[in-house]
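If you want the building blocks of each chain, they are given just below.
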Amino acid sequence: MKVKDGICGFVVGDALGVPVEFYSRKELEDDPVTDMREFGTYNQVKGTWSDDSSMTIATMTSIVNKNGIDYNDIMEEFCKWAFEGEHTPHGERFDIGNTTLRGLERYIDGADPLESGGKSTHDNGNGSLMRILPLAYIPDIDYETIENISSLTHAHPRSKIACVLYVEIARSMLENTLTIEEHIKCACEKIKEYYADNEELHHFKRIFEDDLTTDIRSGGYVIDTFESVVYCLKNTDNYKDAVLKAVNLGGDTDTTAAICGGLAGIYYGYDDIPIDWLNEIHKLDDIISLCEKFEAFYDRY
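Computed from a predicted structure; not experimentally measured.

(A) Structural context of empty space enclosed by the protein. Taken as a whole and assessed by the stated rule, the structure comprises one cavity of 30 Å³ or more. Considering only enclosed or pocket space, the largest cavity measures out at about 30 Å³ in volume. Lining the largest cavity, in full, are Trp 49, Ser 50, Asp 51, Ser 54, Trp 81, Pro 89, Glu 92, Arg 93, Phe 94 and Asp 95.

Put into structure tokens, the structure is as follows:
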């Protein structure tokens, strides 16, 4: 099942990174993550996933329940997560980004969902990139729709382009048999052509030119995260090594590993995800069941 490959790969990466979020690269060089940990930053038990997976699950839940994309309903599911603890591993939300929170608050105050997201250059965190993977499984989804889903919380063009590029890489992996480098190159060429006149495109230059051998940053900035993910995928040859490399970069460890894990899960397949890690994931059966419903819905088309 293709959906399970990517989504479970995403959730496992997220859970690996949760205990060491905000740890520095130096700290992780001295004590690298090699397996699932517990407690740490948020004092959570082993196998706990964060807002990255919760918002991804909320997106999928809305699409399945509404038989398609309904921007208002997706925002309602996000609000259920943020303020009521739904779509969480333990019934309580413990992590949320500032830009995401402000977007949800604007929506609650009456803003249109497509006008709720932050539009300033300071609103280019990871909050939309980290939940965009389900769109890769939707046949013939257009770039405008991907941008709109980003805009629910992150409406700056930089974030929207990042989401489109990520979906294109994932979709290439789902549709073609190529190397990781070829998948990324093909997606980049499509993005460069489509956004040729967009002044934001230069921010992706290092990815386009494969110039990621030095100065890899892994904070909460969407471009840094994307560069880190590409770097980890290109410098490993299996799921486990890819997500561990992502986590051990430090910083926004759960998000970097989740985004990396989603693509690695698609590329290498579910069976390449360590079974010991999968067995630690809370509500794994529920996640797989949602993946089955999501895939069954779109298999009709």
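(B) Fine view of the layout of surface pockets. Roughly 340 Å³ of internal volume is contained in the largest pocket. In terms of lining residues, the largest pocket is bounded by 23 residues, among which Gly 97, Asn 98, Asn 126, Gly 220 and Asp 252 are the most central. When contributions to the lining of the largest pocket are tallied by element, the ones reaching two or more residues are α3 (51-66), α5 (98-108) and α12 (253-268). With four residues, the top contributor of residues to the lining of the largest pocket is α5.

(C) Geometry of the packing of aromatic side chains. By the definition in use, this model includes nine aromatic pairs. Taking 6.2 Å as the distance between ring centres and 75 degrees as the angle between the ring planes, the aromatic pair formed by Tyr 166 and Phe 226 counts as edge-to-face. Of this pair, Tyr 166 sits in helix α7 (residues 157-175) while Phe 226 sits in helix α10 (residues 222-234), and the two are 60 residues apart along the sequence. Pair check on accessibility: Tyr 166 and Phe 226 agree, each one buried. When the ring of Phe 204 is compared with that of Phe 208, the centres are 6.2 Å apart and the planes differ by 25 degrees; the resulting orientation is stacked. Residue Phe 204 is classed as buried on the basis of its relative accessible area, which comes to 1%. Taken together, the ring pairs connect Tyr 143, Tyr 194 and Tyr 195 into an aromatic cluster. Its guanidinium or amino end placed over the ring of Tyr 270, Lys 4 lies 4.1 Å from that ring's centre, counting from NZ or CZ.

(D) Representation of the environment of Lys 190 within the structure. In this fold, Lys 190 is placed in helix α8 (residues 180-194). Taking C-alpha positions, Lys 190 is 34 Å from Phe 22, a pair spaced 168 residues apart along the chain. Lys 190 has contacts with Tyr 143 and Glu 168, leaving out every residue within four places of it along the chain.

(E) Representation of the packing of helix α4 (residues 71-84) against α5 in the model. In contact at an axis separation of 10 Å, α4 and α5 are set at 115 degrees when each is read in the N-to-C sense. Note on packing geometry: the crossing formed by α4 with α5 is left-handed. In this structure, α4 contributes Asn 72, Met 75, Glu 76, Phe 78, Cys 79, Trp 81, Ala 82 and Phe 83 to the contact, and α5 contributes Thr 100, Leu 101, Gly 103, Leu 104, Tyr 107 and Ile 108.

Each value, and the rule that gives it
For every chain, the first residue of the written sequence is number 1, and numbering continues from 1 onward in sequence order. Confidence filtering applies because this is a predicted model: local features only for residues at pLDDT of at least 70, side-chain atom pairs given and counted only at 80 or more, and all residues used for totals across whole chains, interfaces and linings. Calculation of side-chain values draws on the structure's entire complement of heavy atoms; hydrogens and water are dropped beforehand. In this analysis a 1.4 Å probe is tested at points of a 1 Å grid over the protein atoms alone, and where it fits but cannot get out there is a cavity; an open set with protein on both sides within 12 Å along at least five of seven lines is a pocket; lining residues have an atom within 4 Å of a point. Grid points are joined across faces, edges and corners, and a volume is the space filled by probe spheres set on the points. Segments assigned H or I by DSSP are reported as helices when at least four residues long, segments assigned E as strands when at least two residues long, and all are numbered from the N terminus. Stacked, edge-to-face and tilted labels apply to pairs of Phe, Tyr and Trp rings (six-membered ring for Trp) whose centres lie within 6.5 Å, assigned for plane angles under 30 degrees, over 60, and everything in between, in that order. For every residue, the accessible area (1.4 Å probe, protein chains only) is compared with the maximum for its type, and the residue is labelled buried under 20%, exposed over 50%, or partly exposed between those bounds. Charges are assigned to positions over rings by a cutoff of 6 Å between ring centre and Lys NZ or Arg CZ, combined with an angular limit of 35 degrees from the ring normal. Any two residues whose heavy atoms approach within 4.5 Å are treated as being in contact. Angles here are taken between N-to-C directions and fall from 0 to 180 degrees, while the axes themselves are lines fitted to C-alpha atoms, restricted in helices to the stretch in contact. By the definition used in this description, the sense in which the near helix is turned from the far one sets the handedness, with an anticlockwise turn below a right angle giving left-handed and a clockwise turn giving right-handed.

By themselves, these are just geometric observations and shouldn't be taken as functional.
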